[in-house]
Amino acid sequence: MRSLLKLKLRQLRNALVRGEKKKYLLFLLLGLFFMLVLGFFFHKIFGYLAQVQEFPHVFKVFLAEKLLMMIFMTLFSMLLLSALLTSLDVFFISRDLHFLFSTPMPVRSAFAWKMLETGAYSSAMVVFFSLPILFFYCRYFAPGAGQVLQVLLAFLLFIACGVLAGVLLGLVIPAFFSVRRLQPVLSVFSIIVISSIVVFLRLLRPERFLEPSEIDNVLKYMGSLDLQAFYYFPFSWLARAMSLSADGRNAPYWKTIALFVLLAAVLLALVAWLRRKFYLQLFDKLNRGGKGSYKSRWRPTPLNSDYRPILRKEVKTFLRTPAQWSQLLIVGALVAVFVINMKMIPLPHPSVKNFVSYLNLIMAVFIVSGLNSRFTFTSIPGEGPGQVHIFSSPCAKVKFYRFKLLFHLLPLLLVGFALYALGDLSLQFDAFTRIIALLFLAPAIVFLTTLALVLGIETNETNPLSPEHVIVSKQGISYMLWSVIYVVGGMLFLVRPVGVYYWHRFTREAIPYMEIGAWFAGFLLLNAVLVAVYYRRGRRAWMAREL
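Rules used throughout
Residues numbered from 1 in each chain as written. Predicted model: local features only at pLDDT ≥ 70, side-chain atom pairs only at ≥ 80, totals over all residues. Heavy atoms only, no water. Helix = DSSP H or I, 4+ residues; strand = E, 2+ residues; numbered from the N terminus. Buried < 20%, exposed > 50% of the residue type's maximum accessible area, 1.4 Å probe, protein only. Contact = heavy atoms within 4.5 Å. Areas by Shrake-Rupley, 256 points an atom, 1.4 Å probe, with all protein chains shown as cover. Patch = residues over 30% accessible without salt bridge, like charges linked within 9 Å, V, L, I, M, F, W, Y side chains within 5 Å. Salt bridge = Lys/Arg side-chain N within 4 Å of Asp/Glu carboxyl O. Lys, Arg positive; Asp, Glu negative; His and termini not counted. Charge placed at Lys NZ, Arg CZ, Asp CG, Glu CD. Polar contact = N/O pair within 3.5 Å; in protein donor to acceptor, adjacent residues only side chain to side chain. Phe/Tyr/Trp six-rings, centres within 6.5 Å; stacked < 30°, edge-to-face > 60°. Core = buried A, V, L, I, M, F, W, Y, C linked by side-chain atoms within 4.5 Å. Axes fitted to C-alpha atoms, helices over the stretch in contact; angles between N-to-C directions. Nonpolar A, V, L, I, M, F, W, Y, C, P; charged D, E, K, R; others polar. Expected span 1.5 Å × (residues − 1). Parallel < 35°, antiparallel > 145°, perpendicular 65-115°, else oblique.

Asks: I'm lost on the overall build of the protein chain in this one. Help?
Replies: Summing up its helical and strand segments, the protein chain has 20 helices and zero strands in all. Counting only residues that meet the buried cut, the protein chain has 43% of its 547 residues in that class. In the protein chain, the share of contacts with a sequence separation of at least 24, taken over all contacts with a separation of at least 6, comes to 82%. In the form shown here, the protein chain has an accessible surface area of approximately 30,000 Å², with 69% of it arising from carbon and sulfur atoms.

Shown next, in the form of structure tokens:
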């Protein structure tokens, strides 16, 4: 175990030595940003509950407990699904398993190490999201040192129960289903569940519960969460333990901790029993070859176009890669939240509506930029060693480059304008804003798609482990930064013509359409130059590419 821990530490050190410090620094900054946002939100929530003078302390703790139960119910579902998926990967598909089983290390030690690895990987995000919740709850309801330790103990047992339950399911499922076929399906299912939870929580409109006039809605809402079935799950025990700690009721608190310990012990015993009886058998079963009964349905057809076989390849690749479906589901959830926010924004004055319309433009372009980062940027590295078939095919290399660009550009144009159309239907933008959408969205999407494809070609990843591995490369981080700079710069460039139009409209003066048209023409010309430069740069890099 000590040797395996040293190996992980050396891997981290080598990653830092190889020049990946900037990547980890960027992730650290992003993590701190999200933590600040979550901290601000829960600071307002718990601070408001703690400072309301009309409520007695017992009622405040009760409301906080019900809110915590809703939050930890969401986090527990994420933890369970993450532990299940991670255990399937770590215990059955991990590349180092064959090496570990060939060493003098006992199987139980290797299994214990993999359990620790599963726990660390699956619980990291849940712990990260929970830190602001725990901090501000303890600040307003359980500020004592003993109370803080009690909250942390209950939270750690909550994490242990979720991880052990996920590992247990991960050891049972391979007895009935193939791991390699089931894992992508479970990944898609987990994304559907998480996306549904995100949309559901947004539809609840939690911001309205902060208004004193909405106290009746708060009571009805919290009462709807008082279900007897919830008391049999660890997320309810954690919320209960935190409220008992805040009230200083030690005897009921330790009874709740005893439930945690009993459940963790039972789960651990079941996992140990499955490890002894079935784990090695399931591992051998998974790594044996199949019957090889699959036959390709590909039939040669008269080629009316060189692009037809490439299109069929891309479509089949997408349909056979559930990981790409999950990304679309996440984007769908973001779009749903985006539309809900658009419909709920208060509009006290028409000028606010115009400002919201520009925010709509920015958000639409940012969503398209994220899709480019996940699909367009990773499309060339994702071909992997299969690029040799592309280079040796009768299809010209330049045609494949053009196809890749058009294959991603056309759907992204549709997505970008669909997002703006949804905002237009929600808020009824004026005619000038619609013109700006046409002049800004189309060039921005074309340039960002071209930029993503070019930087993807320039990556050195010829056989990446996963798309996520490519995204966090030097070129992937560069694309994220340059896309942000481009969007901000483009909006600043259009501030002048937009300001001139609305100022003259406000003062009822003649609108200088010639000046506004000149600014728009300059924006289009600048984008045309950028697209041409990067298109030629990417074509040269692709034509010069060799394996």
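Alright, that's what it looks like, and here's the rest.
Asks: How should a positive patch on the surface be read in this particular structure?
Replies: On the surface, a cluster of positive charge is contributed by Arg2, Lys6, Arg10 and Arg13. Relative to the helices and strands, Arg2 resides in helix α1 (residues 2-17).

Asks: Whenever I open this one, the side chain of Ser483 confuses me. Can you help?
Replies: Looking at the element boundaries, Ser483 is found in helix α18 (residues 474-493). A relative accessible area of 3% places Ser483 in the buried class. Filtering out sequence-adjacent residues up to four positions away, Ser483 remains in contact with Ser369 and Leu448.

Asks: Where do I start with the side chain of Ser369 in this structure?
Replies: Summarising the element assignment, Ser369 is placed in helix α13 (residues 350-379). Looking at Ser369, the relative accessible area reads 6%, which means it is buried. Side chain to side chain, Ser369 and Ser483 meet in a polar contact 3.2 Å long. In contact with Ser369, not counting residues within four places along its chain, are Leu448, Tyr479 and Ser483.

Asks: Any chance you could explain the packing of aromatic side chains here in plain terms?
Replies: Two numbers describe a pair of aromatic rings. These are the distance of the centres and the angle of the planes. In this structure the tally under the stated criterion is 28 aromatic pairs. Pairing Phe42 with Phe46 gives two aromatic rings, centres 6.0 Å apart and planes at 25°, and the pair type is stacked. Here Phe42 pairs with Phe46, and both are found in helix α2 (residues 21-51), just four residues apart, close to one helical turn. The exposure classification of Phe42 matches that of Phe46, with both residues buried. An angle of 65° between the planes, with centres 5.4 Å apart, marks the rings of Phe128 and Phe129 as edge-to-face. Its relative accessible area of 28% is what places Phe129 among the partly exposed residues.

Asks: Help me understand a nonpolar patch on the surface, please; the structure alone is not making it clear to me.
Replies: The grouping of Met363, Phe366, Val484, Val488, Leu492 and Val495 at the surface amounts to a nonpolar patch, some 510 Å² of accessible area in total. With three residues, the top contributor of residues to the nonpolar patch is α18. Counting through the fold element by element, Val488 comes out in helix α18.

Asks: Mind showing me how you'd approach the environment of Tyr48 here?
Replies: Structurally, the position occupied by Tyr48 is in helix α2. With a relative accessible area of 28%, Tyr48 lands in the partly exposed category. When the C-alpha atoms of Tyr48 and Lys60 are compared, they prove to be 9.8 Å apart, with 12 residues separating the residues in sequence.

Asks: Looking at this model, I keep getting lost on the nonpolar core. Mind explaining?
Replies: Inside soluble globular proteins, nonpolar side chains tend to come together where they are buried. Core analysis: the largest hydrophobic core is formed by 62 residues, its most contacted members being Phe46, Phe72, Tyr137, Phe141 and Phe158. When residues of this core are traced back to their parent elements, those giving at least two are α2, α3 (57-93), α5 (107-140), α6 (145-172), α9 (234-247) and α10 (250-287). Sort the elements by how many residues they give to this core and α3 lands first, with 16 residues. Look past the residues within four positions of Phe72 in its chain and what remains in contact with it is Ser130, Ile133, Leu134, Phe155, Phe158, Phe235, Leu238 and Met242. Membership of the second largest hydrophobic core comes to 46 residues, among which are Phe377, Ile380, Leu419 and Leu451.

Asks: Quick question: what am I supposed to make of the pattern of salt bridges here?
Replies: When charged atoms on two side chains of opposite charge get close, those side chains can pair. The full count for this structure, using the stated rule, is four salt bridges. One salt bridge in this structure joins Lys114 and Glu117, with 3.4 Å as the shortest N-O distance. Of the two residues, Lys114 and Glu117 are both situated in helix α5; the distance of three residues between them amounts to about one turn of the helix. Residue classification places Lys114 among the buried positions, given a relative accessible area of 1%. The buried category is assigned to Glu117, whose relative accessible area is 10%. Residue Arg537 is joined to Glu458 by a salt bridge in which the shortest nitrogen-to-oxygen separation is 2.7 Å. Here Arg537 is found in helix α20 (residues 513-543), whereas its partner Glu458 is found in the loop between α16 (431-457) and α17 (467-471), with 79 residues between them in sequence. Judged by its relative accessible area of 30%, Arg537 falls in the partly exposed class. Note on Glu458: relative accessible area 24%, which makes it partly exposed.

Asks: Could you clarify how one ought to interpret the packing of α18 against helix α19 (residues 495-506) in this entry?
Replies: What describes two packed helices is the angle between their axes and the distance between those same axes. The N-to-C vectors of α18 and α19 enclose an angle of 35°; their axes lie 4 Å apart at closest approach. Contacts between α18 and α19 involve Met491, Leu492 and Phe493 on the former and, on the latter, Val495, Arg496 and Pro497. Each residue belonging to the contact of α18 with α19 can be placed in one class, and the counts come to five nonpolar, no polar and one charged.

Asks: Would you mind showing me how to read α20 here?
Replies: Given 3.6 residues to a turn, an α-helix orients residues that are three or four positions apart in the same direction. Between its first and last C-alpha atoms α20 spans 44 Å; for 31 residues at 1.5 Å apiece the expected length is 45 Å, and the two agree. Among the residues of α20, Ile516, Phe520, Phe523, Asn527, Val531, Tyr534, Gly538 and Trp542 are the ones counted as buried.

Asks: Help me understand the packing of α16 against α19 in this model?
Replies: Packing of α16 against α19 leaves a shortest axis separation of 12 Å and a crossing angle of 170°. The angle between α16 and α19 places the two elements in the roughly antiparallel class. Across the interface between the two elements, Phe432, Thr433 and Ile436 from α16 touch Pro497, Val498, Tyr501 and Tyr502 from α19. Taken together, the residues of the contact of α16 with α19 break down into six nonpolar, one polar and no charged.

Asks: It is not clear to me how unusual backbone geometry should be interpreted in this structure. Could you clarify?
Replies: The phi angle of most residues is negative, glycine excepted, and most peptide bonds adopt the trans form. Phi at Arg508 takes a positive value of approximately 60°, unusual for a residue other than glycine. Note on placement: Arg508 falls in the loop between α19 and α20.

Asks: Can you walk me through the environment of Leu88 in this structure?
Replies: For Leu88, the position within the fold is in helix α3. Looking at Leu88, the relative accessible area reads 0%, which means it is buried. Each C-alpha atom of the pair Leu88 and Ile173 lies 8.8 Å from the other, and the pair is 85 residues apart in sequence.

Asks: Can you walk me through the environment of Phe59 in this structure?
Replies: Relative to the helices and strands, Phe59 is located in helix α3. The exposure class assigned to Phe59 is partly exposed, which follows from its relative accessible area of 21%. Residues Phe59 and Leu49, spaced 10 residues apart in sequence, show a C-alpha to C-alpha distance of 9.5 Å.

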